[in-house]
Every structure is written in structure tokens, then in C-alpha cells.
Amino acid sequence: MSQVKVEFHQADLSKRKLLKAASLGGAALAVAPGIKLFQAAHAKPDGQPVTDKNRWGLLIDVNRCADGCNDCVDACQTENGWGSGSTDEQNSRDDQKAQWIRKVSVKDPQTRREFNMPVMCQHCENPPCQDVCPTGASFQREDGISMVDRHICIGCRYCMMACPYKARSFVHEALSDQRAHQPRGKGCVESCTLCAHRVDKGKIPACVESCQHGAMLFGDLNDPQSPISTKLASIPSRQLREDLKLNTGVRYTGI
Amino acid sequence: MESKMAMTKKTAYETVSEHGLSYWLVLAVLAAVTGIGFLAAYYMEHNGHYVTGMNNQIVWGLPHVFAIFLIIAASGALNVASVGSVFGKVEYKPLGRLSGLLAMCLLVGGLGVLVLDLGRPDRLITAMTYFNMKSIFTWNILLYTGFLGVVGLYMMTMFIKSWGQYTKAAGTAAFIWRFVLTTGTGSIFGFLVARQGYDAAILAPLFIAASLSIGTAIYMLVLMWIYKSTGRDLGDEVMTRLKRLNAVLAVATLFFVAVYHLTNLYITQHHGVQGFILVSGSVYTYLFWLGQVLLGTLVPVALFWSPSFTGRSSITAGALLIILGGFSMLYVVIIGGQAYPMDLISGMQVTSSFYDGEIARYTPSLPELLLGLGGVAFAVLATLFVVKVLPFVPQSLADQSEA
């Protein structure tokens, strides 16, 4: 199966149609002005390890992220079985419920400019969560995706203390309604996996696929020809808390 | 000099056999509180942490305050033994055994609380077999368990006559170990670059000073209680030395606290969190000024140092206030440091469903309190029990003029 990356400018074409078209096609296709489809990395065959040939990342255009739109959050919940995507966490208070991705409203108090942006695990190259984890449960795949190994997470929450993005959640109660591809459990910490289970099959993360405003671009930061790399090379972009020099895999433009 | 000569004479240690009903009653109460602590931990682990006041903003709550309090108190309680063995102050040597015992018991109590507050305490074996050596937590796991071993050996050099020649070497090793241990505990917070309330190397020496002060205060309380309840003599010379030492340590702690805050007040980026702790009027502000500075430092230092206060009740009050101050400090550092929101985008106001940009709310729950108290009770229970079965306590610590 081919890996498909969708440019920001999707206009009003159905994304599913684009994906289907791309899967049938081969090399880069120019469907219409401003709309480009690229065939890039192939799906990783089962049984083969992830390699550092790729470094997966996101580019988020805050100017396109619509106020009041929660599609990326909803899609993540459905895909990964948390929040409205699960019947679990009925006992937990709102401040105890997991949030893998959230919409953040930002306002510059000086200029009064306002914008929105989704914030999730930033998949740092040098993740503080991994540094502090006593057991190594917080780990990073070769392709740059930060994850939690639920088998050896002891629930100490030190990674939550260390994460500058508040990207991690602790599960406060027993769960039963889970996705087969995304096991969760009481007493462990969890966060965005960049939909690694989809990426490994050549798909894009659920949040990116759901965005109707073309605000999210997923791709390979290691491939200079990938849409995300070419875009990043041509426009100004920022990392959240770039003062920490974590070299995040998630970048923002328009901030 | 006269007293030094007298102290170098052989000290007679005895198990605590003189006891009335009160000793057993206290042990029974401590055992009950320890048991309730275990039940509270079971309740929280069985249901999950939703029954606590903790949440995804305040991820370390009251149990961590208790646990870290006990751990740094353990390190500090060894101070009395170190002064005797390492610095050669013979007046302190008879106090060494109890100092080491108290240190070990406090550490076990603190570790117990820490472990029982894990999301998966059943995976303790995982924590002991999977190590990420870049994590200060991993280092602390090794430092804490190593502390028990090193202090245990140190104790043995005090008990086994033929090992006596190694007491100074073992005491020095334990002294260095406990310095590194408290540095590691302070660095749990000092290494957290993400949060403005932490990310400061001075937290390590601050924790060391606080540990010495709190540990000495707890030691004085335990010492006075054991001697009072068993009718043994405890002279004013010993207690005057200890309380003055405690006063100096409390002032040293306040010095590091002052440097920490004044340094941060100079940094514009940190004005927000400093204002939140020092002036906002939140519970953390009251705990800082009233609990930590006034009642927890200035009043006990006056009680310990002023010639107007000479009785044992003033020492007891002072030691209890030092403990209050230390607890307040840790509550402010641990909970207050998490309550202040992280700076996601510099200079911007942020809001979200995940409480970005908001002061995080936290109300400790009863089970959390009971777990913490259980840890304290266990530490004291273990100490009081061991002194009944092993000769840790000198038969008399009477002043030389009385002896």
C-alpha cells in the first residue's frame, strides 16, 4: 500500500477520493492547482523493524485551524478509544480524564491577535519524558515517534512532570472499552502515538485525515522531497517551547 | 573538656525494657495508623486514582509530599551520627545508633508511601529490573536502596566491637552517600526544565539543608520521647547542642530559600510563578509565609536560640514547628510548582479543555492523607519497636554534673 500525504490545499475535494486516487496512482500527481498528491514511503511490511530512515512529523498551520472546530480531537478519540470514543472513564472527573490531543486557543495580550491550534505529543528528538522515565517505558521509535510501553510503565507520572506540552495523561480508573490496536490501562500513562498503527500500514494519522481545513500536514521530515519537508523549507515555522531545544517533530506555522 | 572526657568513656546501651502502658499504647496506635495507611493505599489502587484529589494537572499530590518529606528527613536524621563519627564530636557519639536507625526507618516509610502511590505498585519488580540510567529517578532507586545498605553497615560497626575501627570509614561513606542521596532527591525537581517553579540547581542544596533541619528535629522528638517514656536521664547539655544545631540548619535552609526566590525575582520570565507563590494569596502563599517562613523557621529558631526558652516543652514546640515548616516547604514546592501553568507559547494567553493557562486545582483526599500518615506511623513504629529489641539507646544521657 502506498503512503499518501495530502498537501494543505485540499479545497473542497473529498479527501477519501484523493486517497483513493493516490493509491491507484504512482509518483507525484498534480490533481489541480494547489492540490498535490505524493506517493512517498511505503507501508512497513509486518515483521520488519521501524528504521531511522524516516522521521515522521506534522506541520500545523494555525491560520487554517478553525475556531470551534474539533474534528481532529474527535477523530483521535474515535480512532484511539478515549474520550467520546469510549464508554470508559465514567468515574473520573473532567480534570482526570485523558486528553491525547486538545484544541488550544491562543491570544496575544499585546496585539489581541487570536488563533487556535491542536496540541498533542510533539514527538521530540530529545524527549524529556524519555530522559526521566525510570524504567525506560517512555521510549522513542527509530522513526521519531514517542510512545509508552504499557508493559513496563509503573505509573510514576514523572514523564508528566517533565513534558513541557502537557501531552500526557494518566489513566485514573479501570478501562474495558478499548480499541484492539490501542491498549490502555488503569495506572499507566499514555499519549498521542502519531497513530503509529496507521503509519506502519501506510496511512496518515486520524487527526490529519479528519482535518477539513487543510491545517495539518503529515510526512517524513527526513525526506527532503516530501511535501512536509518542502513546505517547511519554504515557509517560516516554529516549535513550541523552542527555547528547550527539543527539536520537535511537530511544527507550527502562523504563530 | 570535662564533659568530652566523660563522654569518651564507654557508653552503656540497653534495649528499652522500662516501659509502662503508654509505650505499648503508642506502639498500638502507630500500628493501627500504619494499617489504615495500607488500607487507604489498597482503596486507591483498587479503584484507581480517580478517588484521589490528583488529576492530570496535579499528578503528584499529598502522598508525594509525605514520601519526599520522609526521604529527606531520613537523610537528615543521620546527621547526628555523622557529627559524631565523621567530625569526631565525641558528645554526639552515644546518639549515633539511634540516628542511624531512625534514618533507615524514615527512609523505608517514605519509600513505602512512594511505591504505594504508583499507578502500578504491582510492577515494583519492573522498577527494580528495568533501569534507564539517564533518569534521576533510577539513580534515586539505587541511592535509596544503597543508603539502607551503607547505613546498615555503619550501624554494624557500632554494634560489633571488633568492627569499631571501621566506624569512621563507614560513617564517612554514609555521610557522603546521604549527601548524594538528597542531591538526587532535590534534583528530581531541579532537572524539570519544563516547569518554571523547578528547573533550578539550587533545589539540591536547598533540599540538603532542609533535610538536615527536619531530620534533626525529628531526632530530637524521638529521643526526648523515648527517654521520657522510659524514665531515663536526658541531660540539658545534649539537648542544647542539638537544638542549637537545628537552629543553624533551619537558618541555612531559609538562606537557600531566599536565594532561590530572589534569583527568580530577578528573571522576568519567572515573575509569574514567583508572584503566584509569594503574593497571590493562594494557599501556597499562606503556606510559604506562615507555614514555612514564620512558624516553620523564625519561631523555632527563636525558641532554640533565645535564652528565654530553656525547657523541654520549648524544644518540643520548636521541633514540631520545624517539621511543619519542612512539610509546608515541600507542599509549596511540589504542589505549588505543578499548580502554576506551564508556558506553552511565550507571552501568549492560552486556554483549552485541558486547563492550559489555568492555575490547577487540587484538594487532597482523605485516602491520600491516610497513606501519608501511614508512612510516618510506620517509620516511628519501626524505630520504637527496634529500640525495644536491640540496644540502640544509651542507658543514660544525663549531664556530666548529674551522672
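Heads up: the structure comes first, above all this text.
The structure reproduced in this document is the subject of the present report. In this numbering scheme, every chain counts its residues from 1 along its sequence in written order. Here chains are named by letter from A upward and ligands by number from 1 upward, in the order in which they appear as written. Reporting in this predicted model follows two pLDDT cut-offs: at least 70 for local features of residues, and 80 or more for side-chain atom pairs to be given and counted; totals over whole chains, interfaces and linings ignore these cut-offs and use all residues. As a rule here, side-chain values cover all heavy atoms of the structure and leave hydrogens and water aside.

**Regarding the overall build of chain B**
A run of H or I in DSSP counts as a helix once it spans at least four residues, and a run of E counts as a strand once it spans at least two, with each numbered from the N terminus. The helix and strand inventory of chain B stands at 14 helices and three strands. Only C-alpha atoms enter the radius of gyration, while the globule expectation follows 2.2 Å times N to the 0.38, with N the number of residues. Relative to the globule expectation of 22 Å for 403 residues, the C-alpha radius of gyration of chain B, 22 Å, shows essentially globular dimensions. For chain B, the spread of C-alpha atoms along the principal axes amounts to about 70 × 45 × 40 Å. Buried means the residue's accessible area, taken with a 1.4 Å probe over protein chains only, is under 20% of the maximum for its type, while exposed means over 50%, and partly exposed covers the values in between. Burial statistics for chain B: of 403 residues in total, 59% are counted as buried. Total accessible area on chain B is roughly 16000 Å²; 70% of this is exposed by carbon and sulfur atoms. This count recognises Lys and Arg as positive and Asp and Glu as negative, with His and chain-terminal groups excluded. In plain terms, the charge of a residue is placed at NZ if it is Lys, CZ if Arg, CG if Asp and CD if Glu. Treating the 21 positive side-chain charges of chain B as one cloud and the 17 negative ones as another, the clouds have centres 9 Å apart. The protein chains shown are the only cover counted for residues, whose accessible areas, like all others here, come from Shrake-Rupley with a 1.4 Å probe.

**Looking at the interface of chain A and chain B**
Accessible area lost on assembly of the parts is the figure often given for the size of an interface. Whether two residues are in contact is decided by their heavy atoms, any of which lying within 4.5 Å being enough. With 56 residues of chain A at the interface, the matching set in chain B holds 54 residues. Here chain A packs against chain B, burying approximately 4700 Å² in sum over the two surfaces, 56% of which is carbon and sulfur. Per-residue buried area on chain A facing chain B is highest for Tyr158, Met161 and Lys166 of chain A; these three make up 17% of the total on that side. By salt bridge we mean one thing: a side-chain nitrogen of Lys or Arg within 4 Å of a carboxyl oxygen of Asp or Glu. Our enumeration of links across chain A and chain B arrives at three salt bridges. A salt bridge links Asp131 of chain A to Lys134 of chain B, with the shortest nitrogen-to-oxygen separation between them at 3.0 Å. Note: buried area is the sum, over both parts, of the accessible area (probe 1.4 Å) each one loses when the two are combined.

**So, the nonpolar core**
Definition of nonpolar core: a set of buried residues of the types Ala, Val, Leu, Ile, Met, Phe, Trp, Tyr and Cys, connected through side-chain atoms within 4.5 Å. Counting residues in hydrophobic clusters, the biggest one holds 134 residues, and the most contacted among them are Tyr158 of chain A together with Phe189, Leu223 and Leu242 of chain B. Per-element tally for this core: the top contributor is helix α9 (residues 203–230) of chain B, with 15 residues. Phe189 of chain B has contacts with Met161 of chain A together with Trp60, Ile68, Tyr198, Asp199, Leu203, Phe207 and Ile334 of chain B, leaving out every residue within four places of it along the chain. In this structure, Leu194, Ala196, Ile204 and Leu240 of chain A belong to the second largest nonpolar core, which totals 45 residues.

**A few points about the sheet that holds strand β11 (residues 216–220) of chain A**
Residues and elements named next belong to chain A. Strand order in the open sheet formed by three strands is β11-β4-β12, and the pairing between neighbours is mixed. For this open sheet the edge positions go to β11 and β12 (250–253), each flanked by a neighbour on one side alone. Strand-to-strand twist across the sheet, computed as the mean angle between neighbouring axes with direction ignored, equals 20°. A pair of strands is treated as paired once DSSP finds two or more bridges between them. Of the pairings in the sheet, the one linking strand β4 (residues 56–61) to β11 comprises five bridges and is antiparallel in character. Paired with Ile60 across the strands is Met216, a residue of β11. The axes are straight lines fitted to the C-alpha atoms, using for helices just the contacting stretch, and the angles between their N-to-C directions are given from 0 to 180°.

**A closer look at the environment of Trp163 of chain B**
For Trp163 of chain B, the location among the structural elements is in the loop between α7 (136–159) and α8 (167–190). Apart from the residues lying within four places of it in its own chain, the contact partners of Trp163 of chain B are Leu153, Met156 and Thr157 of chain B.

**Focus on empty space enclosed by the protein**
Residue and element names in this part refer to chain B. Put simply, the grid is 1 Å and covers the protein atoms alone, a cavity is a trapped set of points that fit a 1.4 Å probe, a pocket is an open set with protein on both sides within 12 Å along at least five of seven lines, and lining residues have an atom within 4 Å of a point. Grid points are joined across faces, edges and corners, and a volume is the space filled by probe spheres set on the points. One pass over the structure, following the stated rule, counts 11 cavities of 30 Å³ or more. Empty space within the largest cavity amounts to approximately 160 Å³. Looking at the largest cavity, it is lined by 17 residues, and the ones nearest its centre are Gly197, Tyr260, His261, Val332 and Val333. Counting residues per element, the ones that place at least two in the lining of the largest cavity are α9, α10 (236–266), α11 (271–278), α12 (283–305) and α13 (312–339). Grouping the constituent residues of the lining of the largest cavity by class yields 11 nonpolar, six polar and no charged. Just so you know the grouping, Ala, Val, Leu, Ile, Met, Phe, Trp, Tyr, Cys and Pro go in nonpolar, Asp, Glu, Lys and Arg go in charged, and all remaining residues, Gly too, go in polar.

**Overview of the pattern of salt bridges**
Residue and element names in this part refer to chain A. Inspection of the entire model under this criterion finds 17 salt bridges over all chains. Arg184 serves as the salt-bridge partner of Glu89, at 3.3 Å between the closest nitrogen and oxygen. One end of the pair, Glu89, is in the loop between α2 (71–80) and β5 (101–107); the other, Arg184, is in the loop between β9 (169–170) and β10 (189–190), and 95 residues separate them in sequence. Comparing Glu89 with Arg184, the two get one shared label, buried. Two residues, Arg141 and Asp143, come together in a salt bridge whose shortest N-O distance is 2.6 Å. The exposure class of Arg141 is buried, given its relative accessible area of 12%. One continuous salt-bridge network, built from bridges that share partners, spans Glu79, Arg198 and Glu209.

**A word on the sheet that holds β5 of chain A**
Strand order across the open sheet formed by three strands is β6(A)-β5(A)-β2(B), with antiparallel pairing between neighbours. With one partner strand each, in any of the chains shown, β6 (114–120) of chain A together with β2 (349–352) of chain B form the two edges of the open sheet. Between one strand axis and the next, the sheet turns through 30° on average, direction left out of account. Sheet analysis places β5 of chain A next to β2 of chain B, joined by four bridges and oriented antiparallel. Counted as the bridge partner of Val106 of chain A is Val350 of chain B from β2 of chain B. Across the sheet, α2 of chain A lies against β5 and β6 of chain A, angled at about 165° from β5 of chain A, the strand it touches most.

**Considering the packing of aromatic side chains**
All names here are of chain B. A pair of Phe, Tyr and Trp rings is counted when the ring centres sit within 6.5 Å of each other, with Trp represented by its six-membered ring. The angle between the planes then sorts it: under 30 degrees is stacked, over 60 is edge-to-face, the rest tilted. Per the counting criterion, the structure on display carries 19 aromatic pairs over all chains. Here Phe276 and Tyr284 contribute two aromatic rings whose centre-to-centre distance is 5.5 Å and whose plane-to-plane angle is 50°, an arrangement assigned as tilted. Considered together, Phe276 and Tyr284 belong to a single accessibility category, that of buried residues. Taking the centre distance of 6.2 Å and the plane angle of 25° together, the rings of Tyr284 and Tyr331 count as stacked.

Honestly, that's just the spatial picture; any functional story needs more than this.
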